[in-house]
Every structure is written in structure tokens, then in C-alpha cells.
Amino acid sequence: MQAILAMTEQTNWQKTQRNATQHGQTYSLTKLPKLHIKELLRKNMLEEWQTSWKNDDTGRKIFNTMPSVSLLSTNWIREDVIFFFQHGPFPAYLKRVHLSDSDYCSCGGISTALHYATECVYTVFWHMRKPAPNFEQEWLKRVANNLVSRQKIRRIIKFISENRDIFRPP
């Protein structure tokens, strides 16, 4: 039923447009179908949002992993967000936001999300291959798009959250 109504609205709009072009009549934008207007507004909003996201200075770590805006859900759970946005129980993050004096892990490394995923002795069970320094962003994108890697990340974050005391610097 909705499909028939949409086709009827589109046909009416096409007739109005045809009359305007053939007989020199102007047509009002208010006669456009609501769905058409909504789609135009949606496209315009997404273009503005994408331009703002691309040209802004904030959120660059997130931008490097997710360069395109979307109205669709990423289906990421809490642990995914903590790891990829690097806002969580990482001493490097806590120092950056002035909640800690040190950015070192108790194993001696600088405790970033990448440290826990690739080299921390406490998370060795879930380690992944460490990327070359100039390929870190590409590595993050690949991990974000690989369900097995994301499962490892989720386990690491849960382990860190449940055992915060062993990750504090000495």
C-alpha cells in the first residue's frame, strides 16, 4: 500500500514538473513529495556532517579509523569503543587527561591500547602482530573490520578492567 502511495505521489510530482516545463508554469516546492524533500535534506545534512568531520581538528584518532560519517550503527560494544578511541583504563590516556602522574604500565611499557594488544606481558595470551610505526592506522582499520581481532580486543579490555591493579606502574 505504501509503495502505491509513493508511486502516486511521484507521478503527481512528475506531472507538475512536466506542466511547468512545457507550459512555462512555475511549480511550488510544497508540491514535492515529502519523501523527496526528506531525502534531499538527509543528503545535505550528511554532506555537511562529512565536511565538518573531515576538516575538524578534534577526534583525529577516531577519524583515522572511521573516516566516513553514517547514520547506521557500527554495532560496536563498550570494549570496542574503549580500544579504538583509546579512552579507558589506559595510564597513557589517564595521564593525558590529568588523572594520573604516569603513562607507564607495570610491565615498563607506555600503556596505550596498542601496547596491550601487541606487547604487554600481562596480555600475551591475546597478542596480535605489532604493526610497523607508519602502518598503525591501517592496522587499526583492519582490526576494526576483523571480528576475530575484535574478539581479542574485547577480551583484553575486559581483562584490564577487571585487573586494574596489576597494570598500575610500580
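Above: the structure in question.
Residues numbered from 1 in each chain as written. Predicted model: local features only at pLDDT ≥ 70, side-chain atom pairs only at ≥ 80, totals over all residues. Heavy atoms only, no water.

1. Structural notes on the layout of surface pockets
Next, step 1: Volume-wise, the largest pocket comes out at about 180 Å³.
Next, step 2: In this structure, the largest pocket is lined by ten residues; those nearest its centre are Pro89, Pro91, Leu94, Arg164 and Arg168.
Next, step 3: When grouped by side-chain class, the residues that make up the lining of the largest pocket number six nonpolar, two polar and two charged.
Next, step 4: Its boundaries defined by the atoms lining it, the second largest pocket holds a volume of some 150 Å³.
Next, step 5: Lining the second largest pocket are Thr65, Met66, Thr74, Trp76, Lys141, Ala144, Asn145 and Arg150.
Next, step 6: Residues of the lining of the second largest pocket, tallied by class, amount to three nonpolar, three polar and two charged. (1 Å grid on protein atoms, 1.4 Å probe; cavity = no way out; pocket = protein on both sides within 12 Å on 5 of 7 lines; lining within 4 Å. Points joined across faces, edges and corners; volume = space filled by probe spheres on them. Nonpolar A, V, L, I, M, F, W, Y, C, P; charged D, E, K, R; others polar.)

2. Considerations on the nonpolar core
Next, step 1: Residues Phe83, Phe84, Phe90, Tyr116, Ala117, Trp139 and Ile153 are the most contacted members of the largest nonpolar core, which totals 24 residues.
Next, step 2: Of all the secondary structure elements, the ones that give two or more residues to this core are α4 (78-85), α6 (113-118), α7 (136-144) and α8 (147-162). (Core = buried A, V, L, I, M, F, W, Y, C linked by side-chain atoms within 4.5 Å. Buried < 20%, exposed > 50% of the residue type's maximum accessible area, 1.4 Å probe, protein only. Helix = DSSP H or I, 4+ residues; strand = E, 2+ residues; numbered from the N terminus.)

3. Looking at the environment of Lys152
Next, step 1: Checked against the element boundaries, Lys152 lands in helix α8.
Next, step 2: With a relative accessible area of 27%, Lys152 lands in the partly exposed category.
Next, step 3: Through-space distance from the C-alpha of Lys152 to that of Met128 is 8.5 Å; in sequence the pair is 24 residues apart.

4. A closer look at the side chain of Gln86
Next, step 1: With respect to the helices and strands, the residue Gln86 is situated in the loop between α4 and α5 (91-96).
Next, step 2: With residues up to four places along the chain from it excluded, the contact list for Gln86 reads Lys61, Val81, Tyr93, Arg96 and Ala113. (Contact = heavy atoms within 4.5 Å.)

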